[in-house]
Amino acid sequence: MGDLVDSGAPWWVLVVLLLLGVGVPAAGTERAADLPGILGTFGRWWQGRRARRRAELVEMSESELIANEEIKRLKEFYTRLAADCRETAREASERADKQDELIEELREDVQTLQGRITASERRFYILLGYHRRVADSHLQHAPGVPLPVVPEELVEFLG
């Protein structure tokens, strides 16, 4: 603008440029629409145009409404499905933890039983060896006296 004034442009050119540069955009504002008469007519028209354009953008066809409802329904379905999956995963994790505890208890029981079986087998073979020594000693000192009858459960081991 300073260049126009320095170059000697008439004053009315400056006024027109100011009106077009500042006045026209300002005339379309909501504040200008509140002005009475012809001054606010352009502002009211411009604001109504903007409102109509927004309404056109917001208006959707029936298929778009149906699609939006279907999308909403699917979102809700997948949200519920995700919640169910989280719940199922939590329950499975709890069951797995309980099973791990049970497995650990069973391992301890098996180790205890293995130790008891090993000790029982050891005592059994010690007893078997002792019985054989007693039987040999009996046969050496009393050769004509028969040994007592061996129970059926022990025939396999004592002969």
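Everything below is about the structure printed above this text.
Now for a description of the structure that goes with this document.

Criteria and thresholds
Residues numbered from 1 in each chain as written. Predicted model: local features only at pLDDT ≥ 70, side-chain atom pairs only at ≥ 80, totals over all residues. Heavy atoms only, no water. Helix = DSSP H or I, 4+ residues; strand = E, 2+ residues; numbered from the N terminus. Buried < 20%, exposed > 50% of the residue type's maximum accessible area, 1.4 Å probe, protein only. Contact = heavy atoms within 4.5 Å. Areas by Shrake-Rupley, 256 points an atom, 1.4 Å probe, with all protein chains shown as cover. Salt bridge = Lys/Arg side-chain N within 4 Å of Asp/Glu carboxyl O. Phe/Tyr/Trp six-rings, centres within 6.5 Å; stacked < 30°, edge-to-face > 60°. Patch = residues over 30% accessible without salt bridge, like charges linked within 9 Å, V, L, I, M, F, W, Y side chains within 5 Å. Lys, Arg positive; Asp, Glu negative; His and termini not counted. Charge placed at Lys NZ, Arg CZ, Asp CG, Glu CD.

Looking now at the overall build of the protein chain. Counting secondary structure elements, the protein chain contains six helices and zero strands. For the protein chain, the α and β elements follow one another from N to C terminus as α-α-α-α-α-α. Taken across its 159 residues, the protein chain has 6% of its residues classed as buried. Restricting the contact set of the protein chain to residue pairs at least 6 apart, pairs at least 24 apart contribute 13%. Element-wise, carbon and sulfur atoms account for 61% of the exposed surface of the protein chain, whose accessible area totals about 13,900 Å².

What follows deals with the pattern of salt bridges. Enumeration over the complete set of coordinates arrives at four salt bridges. Of the charged contacts, one joins arginine 90 and glutamate 87 as a salt bridge, the two residues approaching to 2.3 Å between their closest N and O atoms. Of this pair, arginine 90 and glutamate 87 both sit in helix α5 (residues 62-141), three residues apart, which is roughly one turn of that helix. Taking the relative accessible area as the measure of exposure, glutamate 87 reaches 33% and is therefore partly exposed. When salt bridges that share partners are traced, they join Glu87, Arg90 and Glu94 into one network.

This structure, assessed with the given rule, holds two aromatic pairs. Their ring planes at 70° and their centres at 5.3 Å tell us that phenylalanine 77 and tyrosine 78 sit as a pair that is edge-to-face. Judged by its relative accessible area of 35%, phenylalanine 77 is partly exposed. Pairing phenylalanine 124 with tyrosine 125 gives two aromatic rings, centres 5.2 Å apart and planes at 75°, and the pair type is edge-to-face. Since its relative accessible area comes to 25%, phenylalanine 124 is described here as partly exposed. Given a relative accessible area of 53%, tyrosine 125 falls into the exposed group.

Attention now goes to a nonpolar patch on the surface. Residues Leu74, Phe77, Tyr78 and Leu81 make up a contiguous nonpolar surface patch of roughly 350 Å² in combined accessible area. Tracing the sequence through the fold places tyrosine 78 in helix α5.

A cluster of acidic residues, Asp97, Asp100, Glu101, Glu105, Glu108 and Asp109, forms a negative patch on the protein surface. Following the sequence through the fold, aspartate 97 ends up in helix α5. For aspartate 97, a relative accessible area of 44% corresponds to the partly exposed category.

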